[in-house]
Amino acid sequence: MENTKNQIAKVMSLVFQVPIESITEDSSTDNIESWDSIKHLNLILALEEEFSITIPDEEAGNLVNYKLIEMIVNECKK
Amino acid sequence: MENLIYSEILQNNSALKDSIKGPVYKISVLSNVVVHSIKEILEYSLRIRQINPLVELGNYDNIVQDSLKCKDSHLVIVFFDMLNIVDVFFEDLSEEMYNSLKSKICTEIDTVLENLKDHPSVIFNTFSSHCFVSSYSQQSLIEKFVGQLNVYLEEKKGINVILLNIDKIFLQTGIRQAIDFRMYNSSKAPYTLLFFKKYTMAIEPIFLKNTGKSKKALIFDCDNTLWKGIVGEDGIDKLDMSRLSHSGRFFYKIQEIAVYLSKKGIIIGLCSKNNEFDVIEVLKNHSDMILKEEHIAVKRINWEDKAKNLISIAAELNIGLDSIVFVDDSSFEISLIQKQIPEIVSLQVPSALYEYPDFLLQNIYRYFSLKANAEDARKTEIYKQQSEREKEKQNYKTLEEYLSSLEIVLTISEGDIKQLERIAQLTQKTNQFNLTTKRYTETEILHIMNSDQEHVFSVFVKDKFGDNGLTAISILKTDRQNQKICNIDTFLMSCRIIGRNIEFVFMDYLVQWIASHNFASITSEYIPTAKNRQVQDFYESNGFILIENKEGHKNYRLEVSVYKPKNISYITTFISVIKR
């Protein structure tokens, strides 16, 4: 589980081009300035490759903060 | 590249970001769909080839408008996808609608090609119908439509445009792996990451060629690389490269490929731990060998370590280590070279032999630029003459004596439009004897030739050992501020004619030409690169006065009236007048 958390933080920091230390459980579209619609697309593609999962279309729009990302990634990994 | 996941690419790309210096290579990507995920993948693929990229993405569905805005890019890529051209059910389209849609797209193609016609290099993806489901047995309307658009593109495109067959990428990945309809539906972003990775690999040879980084030499190990078996242990009779045998046929094919490449101007060489005599014996006398000594420009067959041998091969051929691709069956040798000389691309023969020929071919199309012109086809021969000249050199006491014995003849022409391709190629490939290292495409050279203020001079060189072909170039430009000043924009020579004082004869000619065209003075510059140190004092040795030296970048001036010609008597010069 810890590993998944770290991996998500790593992917977010790489996609949004922010330091990995700045990614917390409270990170969201509200406090990461570079998180725009294009970066959001890249985030989904990156997470899918990272965890070898497919995020369903109806969930893709919901990945707006760290906690939701973790929840949906874990859901998809099952 | 295709083995890396996106987060690794992002990570590696940002790690490399500050280490790649050098001139910026700007790429503009124009598209009628969203292609933003290509940016970092493309940047990374350039950075690992030591190119410093700037990738700019155009606006969504703005190909026509954006094609006006990329004047200063070195490369323009056009993604014109059928998905976003057709949003109705195409098969039921009336003839009238079909024709009006076709004429609309053709007009857009015309406008884009017109806007990009002076551009140095453009990649235009072909149209594809593979995103649309169709019958196996009948041509669908959309297939017909796409076919017509591609024919139209082919007819209308200029020499600066390369059509990239996107269907080949779809074929390799499968359409469902290449197109993500979910993302197309939500964000107009149809292409998957896998597609972009394959795509950047597909265009790699184009930007390598444009930046003078195409590979030049393919060096093979011998045992279990060119034939099955070990000559020193099994003996010549046990070696297998027969077209008719179970494993021999793959080596036969490798040899066929090597022979083909030698005709396409790729230098073929051998680097093998063996007794030289044994290998020569195989080359000369094994009846199944189709790769012969005449195809091989360079050999290192000895028991020294291969890193050392490859370095000495690069020195003999006068090419950079980053111009070499090395093939060997031994994982030990491959990892040795990868560790000691990472600039060399080293390829290990696949253990499944039936994969070997295709594996080699894929890498050849990836790293080499195969378009053949007359010069390339003769390259092996020219490199051989080079070694004969080197041998002859030892027979003469002074260099002058030796040079005069060569009976060198130069033929100089101005504005020789027939040589467009070769001239552009020389500006792209020449690194060592190149004062300014400015790269030009065919289109740019054509513009220079057509200008009254700018002149392209090309030099054919031959001697008693053979014809070196077109091997020196200079571009002169009238100063924009002062019509009495002529600037030497480019002065370069291929490395195969270095060391014969040809540069001085050429300079004598240029200054004489400049004087006869009523210029009072000449300006010139030396722009330092990692490879052109040997010419850093070239202008000094021709009597030019150094005006400014900014960190090695030197500017010169010469009054035409004070130039002292070298008048080298043992080189004969002909001036060829081009009728235009």
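Model, not experiment: these values are computed from the prediction.

*Asks:* Quick question: what am I supposed to make of the overall build of chain A here?
*Replies:* Each helix and strand counted, chain A has four helices and zero strands in total. Element order for chain A, N to C, with α for helix and β for strand: α-α-α-α. Over its C-alpha atoms chain A spans a radius of gyration of 11 Å, differing by no more than 12% from the 12 Å that the globule rule assigns to 78 residues. Taking all 78 residues of chain A together, the buried fraction comes to 29%. Long-range pairs, those at least 24 residues apart, make up 48% of the contacts in chain A between residues at least 6 apart in sequence.

*Asks:* Can you walk me through the sheet that holds strand 8 (residues 296–302) of chain B in this structure?
*Replies:* Each strand in a sheet pairs with another by means of backbone hydrogen bonds, the pair being arranged parallel or else antiparallel. Residue and element names in this part refer to chain B. Read from one edge of the open sheet, five strands run 8-7-6-9-10, paired in parallel fashion. Each having just a single partner strand, strand 8 and strand 10 (345–348) make up the two edges of the open sheet. Shown here is a sheet whose adjacent strand axes are inclined to one another by a mean of 20°, direction ignored. Of the strand pairs in this sheet, strand 6 (residues 217–220) and strand 9 (residues 324–328) are connected by four bridges, and their pairing is parallel. Paired with Ala 217 across the bridge in strand 9 is Ile 324.

*Asks:* Teacher, can you tell me more about the confidence of the model for chain B here?
*Replies:* Close inspection of predicted coordinates is inappropriate in any region flagged by low pLDDT. For chain B, the average pLDDT comes to 91, and 96% of its residues sit at 70 or higher. Reported confidences for the modelled complex are a pTM of 0.71 and an ipTM of 0.90.

*Asks:* Would you mind showing me how to read the domain arrangement of chain B here?
*Replies:* By convention, interface size is frequently given as the accessible area that disappears when the constituent parts associate. All names here are of chain B. As assigned here, chain B comprises domain 1 (6–210), domain 2 (217–370) and domain 3 (378–576). The C-alpha centroid of domain 3 is placed 35 Å from the C-alpha centroid of domain 2. Between domain 2 and domain 3, the contact holds eight residues from the first and seven residues from the second. For the side of domain 2 that touches domain 3, the per-class residue count stands at three nonpolar, five polar and no charged.

*Asks:* Explain the sheet that holds strand 17 (residues 553–559) of chain B to me, please; I cannot follow it from the model alone.
*Replies:* Residues and elements named next belong to chain B. Strand order in the open sheet made by the eight strands is 16-17-15-14-13-12-11-18, with mixed pairing throughout. Strands at the two margins of the open sheet, each flanked by one partner only, are strand 16 (545–550) and strand 18 (571–576). Adjacent strand axes in the sheet meet at a mean angle of 25°, parallel and antiparallel pairs treated alike. Bridging between strand 12 (residues 454–463) and strand 13 (residues 466–478) involves ten bridges; their strand directions are antiparallel. Looking at strand 13, one finds that Phe 460 is bridged to Leu 470.

*Asks:* Would you take a moment to explain the interface of chain A and chain B for this structure?
*Replies:* Across the boundary between the two partners, chain A contributes 13 residues, which contact 13 residues of chain B. Mapped by element, the contributors of at least two residues to the side of chain A that touches chain B are helix 1 (2–16), helix 2 (37–51) and helix 3 (57–60) of chain A. The element contributing the most residues to the side of chain A that touches chain B is helix 2 of chain A, with seven residues. A per-class count over the side of chain A that touches chain B returns eight nonpolar, one polar and four charged.

*Asks:* Looking at this structure, I do not really get unusual backbone geometry. What am I missing?
*Replies:* Glycine aside, residues mostly have negative phi, and peptide bonds are mostly found in the trans state. All names here are of chain B. Of note, Gln 50 is a non-glycine position whose phi angle comes to about 65°, a positive value. Tracing the sequence through the fold places Gln 50 in the loop between helix 2 (38–47) and strand 2 (52–57). Overall, the presence of 16 C-beta atoms within 10 Å leaves Gln 50 in the partly exposed class. Non-glycine residue Asn 224 carries a positive phi angle of around 60°. The topology assignment puts Asn 224 in the loop between strand 6 and helix 10 (231–234). C-beta crowding within 10 Å serves as the criterion here: with 17 such atoms nearby, Asn 224 is assigned to the partly exposed category.

*Asks:* What am I meant to see in the nonpolar core here?
*Replies:* Burial of nonpolar side chains together is a common tendency in soluble globular proteins. Core analysis: the largest hydrophobic core is formed by 114 residues, its most contacted members being Ile 77, Val 78, Ile 219, Leu 310 and Phe 326 of chain B. When residues of this core are assigned to their parent elements, the largest contribution, seven residues, is made by helix 1 of chain A. Formed jointly, this core draws a minimum of three residues from each of two domains, domain 1 (6–210) and domain 2 (217–370) of chain B. Setting aside residues no more than four positions away along its own chain, Ile 77 of chain B makes contact with Ile 27, Val 29, Leu 30 and Ile 123 of chain B.

*Asks:* Could you clarify how one ought to interpret the environment of Ser 14 of chain B in this entry?
*Replies:* Mapped onto the secondary structure, Ser 14 of chain B falls in helix 1 (residues 6–16). A sequence separation of 30 residues divides Ser 14 of chain B from Tyr 44 of chain B, and the C-alpha atoms of the two residues are 8.4 Å apart.

*Asks:* Hey, could you run me through helix 20 (residues 442–450) of chain B in this one?
*Replies:* Residue pairs three or four apart in sequence face the same way in an α-helix, which turns once every 3.6 residues. All names here are of chain B. Every buried residue of helix 20 is listed here: Thr 443, Ile 445, Leu 446 and Met 449. Within helix 20, the buried residues cover an arc of 160° as seen down the axis, which keeps them to one side. On the buried face of helix 20, the contacting elements are helix 19 (420–429) and strand 12.

What counts and what doesn't
- Residues numbered from 1 in each chain as written.
- Chains lettered and ligands numbered in written order.
- Predicted model: local features only at pLDDT ≥ 70, side-chain atom pairs only at ≥ 80, totals over all residues.
- Helix = DSSP H or I, 4+ residues; strand = E, 2+ residues; numbered from the N terminus.
- Rg over C-alpha atoms; globule rule 2.2 N^0.38 Å.
- Buried ≥ 20, exposed ≤ 12 C-beta atoms within 10 Å, placed from the backbone.
- Contact = placed C-beta atoms within 7 Å.
- Pairing = 2+ DSSP bridges.
- Axes fitted to C-alpha atoms, helices over the stretch in contact; angles between N-to-C directions.
- pLDDT = per-residue confidence, 0-100.
- Domains from an automatic or database assignment.
- Nonpolar A, V, L, I, M, F, W, Y, C, P; charged D, E, K, R; others polar.
- Core = buried A, V, L, I, M, F, W, Y, C linked by C-beta atoms within 7 Å.
- Arc of directions from axis to C-beta.

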